[in-house]
Amino acid sequence: RFSTFRVEDTLTREPISRISTMCQDSFGDIWIAGYACELYKFELSRLTFTCNRPEDGEAYGRVRSMIEYAPGIIMLGTDHGLVNFNTKNRSFEHVDNGHHKFIHSILKDRDGGVWIGTYFGGINYLSPLSSLFTLIEAGEGCGHIISKFCEDPEGNIWIGSDDGGLSLYNPR
């Protein structure tokens, strides 16, 4: 059975019907991204929504993917780059991934590494032991529009692309 929840803009009270992505954090709350970098916290325990929005949402562009990077930090992949949202002080901060700005997909692997899929910019990897991103050259036939990642039980990274199908990367 379905239940519908009304997510609305806190300023205009207009319903938000364009939800681009969601994730659940380690506290059990669900984070919902609207079209222009609106980020809504849905507290399941109280069934309430809180809107978080940067002063200039257009500077960040559309949120395409997100993960909980660390407790209290939601990492957003946007049309204009990578953005960290600090849930405690409700602030947005650009993250320099050093390579490509159009972020299509994000995966945090079991070792704490972060995989960033871009639109025609390859794959960026952030090791849990470093603050610098590494560009991983896509193998032949992998594609250049990295739309999705998935990690299997052996730690292999499966890569889905809009222009190259399915690929497998063994990071070990």
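Computed from a predicted structure; not experimentally measured.

K.L.:
Before we go on, may I ask you to explain the packing of aromatic side chains in this structure?
P.N.:
Given two aromatic rings, their pairing is described by the distance between the two centres and the angle made by the two planes. Counted according to the given criterion, the structure contains 9 aromatic pairs. When the ring of Trp-115 is compared with that of Tyr-169, the centres are 5.5 Å apart and the planes differ by 65°; the resulting orientation is edge-to-face. Of this pair, Trp-115 sits in strand 10 (residues 114-118) while Tyr-169 sits in strand 15 (residues 165-169), placing them 54 residues apart in sequence. Taking relative accessible area as the criterion, Trp-115 reaches 2% and is therefore assigned buried. Pairwise contacts between aromatic rings join Trp-115, Tyr-125, Phe-149 and Tyr-169 into one cluster. The cationic tip of Lys-108 hangs over the ring face of Tyr-69; the distance from NZ or CZ to the ring centre is 5.6 Å.

K.L.:
Would you mind showing me how to read the sheet that holds strand 4 (residues 48-52) here?
P.N.:
Think of a sheet as strands paired side by side through backbone hydrogen bonds, with each pair either parallel or antiparallel. Taken in spatial order, the 4 strands line up as 1-2-3-4 in an open sheet, and their pairing is antiparallel. Each edge of the open sheet is held by one strand with a lone partner, namely strand 1 (21-24) and strand 4. Here the average twist between neighbouring strands, direction ignored, is 20°. Alignment of strand 2 (residues 30-33) against strand 3 (residues 39-43), held across 4 bridges, turns out to be antiparallel. Bridged to Ala-33 within strand 3 is Leu-39.

K.L.:
Please clarify how the sheet that holds strand 15 should be interpreted in this entry.
P.N.:
The antiparallel open sheet is built from 3 strands, whose spatial order is 13-14-15. At either end of the open sheet lies a strand with only one pairing partner, and these are strand 13 (146-151) and strand 15. Taking the axes of each pair of neighbouring strands and ignoring which way they run, one obtains an average angle of 25° across the sheet. Taken together, the 5 bridges between strand 13 and strand 14 (residues 157-161) define a ladder with antiparallel strand orientation. Each residue of the ladder has a partner; that of Lys-148, found in strand 14, is Gly-160.

K.L.:
Before we go on, may I ask you to explain unusual backbone geometry in this structure?
P.N.:
Most peptide bonds take the trans configuration, and most residues that are not glycine carry a negative phi. Although it is not a glycine, Leu-47 sits at a positive phi angle of roughly 55°. Along the chain, Leu-47 falls in the loop between strand 3 and strand 4. Residue Arg-90 is not a glycine yet carries a positive backbone phi of 55°. Mapped onto the secondary structure, Arg-90 falls in the loop between strand 7 (81-86) and strand 8 (91-95). Judged by relative accessible area, which is 47%, Arg-90 ranks as partly exposed.

K.L.:
What is the right way to look at the state of the cysteines in this model?
P.N.:
By definition, a disulfide links the sulfur atoms of two cysteine residues through a covalent bond. Taken as a whole and judged by the stated rule, the model has 0 disulfides. Free cysteine Cys-142: the closest other cysteine sulfur is in Cys-150, separated by 14 Å. Given the relative accessible area of 4%, Cys-142 is considered buried.

K.L.:
Any chance you could explain the environment of Gly-164 here in plain terms?
P.N.:
Following the sequence through the fold, Gly-164 ends up in the loop between strand 14 and strand 15. Residues Gly-164 and Leu-126, 38 residues apart in the sequence, show an inter-C-alpha distance of 23 Å.

K.L.:
Looking at this model, I keep getting lost on the environment of Gly-28. Mind explaining?
P.N.:
Tracing the chain through its elements places Gly-28 in the loop between strand 1 and strand 2. For Gly-28, a relative accessible area of 23% gives the class partly exposed. Taking the C-alpha atoms as reference points, Gly-28 and Asn-124, 96 residues apart in sequence, are found 28 Å from one another.

K.L.:
Help me understand the pairing of strand 1 in this model?
P.N.:
Successive side chains on a regular strand alternate, one facing one side of the sheet and the next facing the other. On strand 1, burial follows the alternation: Thr-21 and Cys-23 on one face are buried, whereas Met-22 and Gln-24 on the facing-out side are not. Relative to strand 2, strand 1 is paired through 4 bridges, and the arrangement is antiparallel. Pairing of Thr-21 across the sheet is with Ala-33, part of strand 2. Counting the residues that bridge the hairpin from strand 1 to strand 2 gives 5 residues, and of these Gly-28 lies at a positive phi of roughly 95°.

The rules behind each value
- Residues numbered from 1 in each chain as written.
- Predicted model: local features only at pLDDT ≥ 70, side-chain atom pairs only at ≥ 80, totals over all residues.
- Heavy atoms only, no water.
- Phe/Tyr/Trp six-rings, centres within 6.5 Å; stacked < 30°, edge-to-face > 60°.
- Helix = DSSP H or I, 4+ residues; strand = E, 2+ residues; numbered from the N terminus.
- Buried < 20%, exposed > 50% of the residue type's maximum accessible area, 1.4 Å probe, protein only.
- Lys NZ or Arg CZ within 6 Å of the ring centre and 35° of its normal.
- Pairing = 2+ DSSP bridges.
- Axes fitted to C-alpha atoms, helices over the stretch in contact; angles between N-to-C directions.
- Disulfide = S-S within 2.5 Å.

Honestly, that's just the spatial picture; any functional story needs more than this.
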